[in-house]
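Listed below are the residues making up each chain.
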Amino acid sequence: MIKNISIEKKYEPAMKILDRQEAQVYLEECIQHNMLSGTTREEATRIEKMNIGYYAGYCDEETNRRVWDLFDCEHPMFGRRVPTAEEAFK
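Residues numbered from 1 in each chain as written. Predicted model: local features only at pLDDT ≥ 70, side-chain atom pairs only at ≥ 80, totals over all residues. Heavy atoms only, no water.

Quick look at the pattern of salt bridges
- One pass over the structure, following the stated rule, counts 8 salt bridges.
- In this structure, E12 and K16 form a salt bridge, with 3.1 Å as the shortest nitrogen-oxygen distance.
- A relative accessible area of 25% places E12 in the partly exposed class.
- Two residues, K49 and D72, come together in a salt bridge whose shortest N-O distance is 3.6 Å. Of this pair, K49 sits in helix α3 (residues 41–56) while D72 sits in the loop between α4 (61–70) and α5 (85–89), and the two are 23 residues apart along the sequence.
- Through salt bridges with shared partners, one network takes in K49, D72 and R80. (Salt bridge = Lys/Arg side-chain N within 4 Å of Asp/Glu carboxyl O. Buried < 20%, exposed > 50% of the residue type's maximum accessible area, 1.4 Å probe, protein only. Helix = DSSP H or I, 4+ residues; strand = E, 2+ residues; numbered from the N terminus.)

Take a look at the structure:
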């Protein structure tokens, strides 16, 4: 992963993962990338899970749930619940 990678290039691949082992390998790559900026492993893990959970929120519900399960994460505002359009707008 290049140091100045775009959000899309960093997190879009995670949305296509179907296997827990592959998810853990990719999460580790994201954590290592985050740690390049000087964050601790604990903080990098928290940030990366939050970012993956947030990015999944832009996908369909099936992808949301699969990603949240595979990466053991959730959307930082809505948790593991898919909000209605009105709820998301508010």
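What to know about the state of the cysteines
- Here the structure, examined in full by the defined rule, presents 0 disulfides.
- Left unpaired, C59 is separated from the closest cysteine sulfur, that of C73, by 11 Å.
- For C59, a relative accessible area of 23% gives the class partly exposed.
- Looking at C73, it has no disulfide partner, and the nearest cysteine sulfur is the one in C30, 11 Å off.
- The buried category is assigned to C73, whose relative accessible area is 5%. (Disulfide = S-S within 2.5 Å.)

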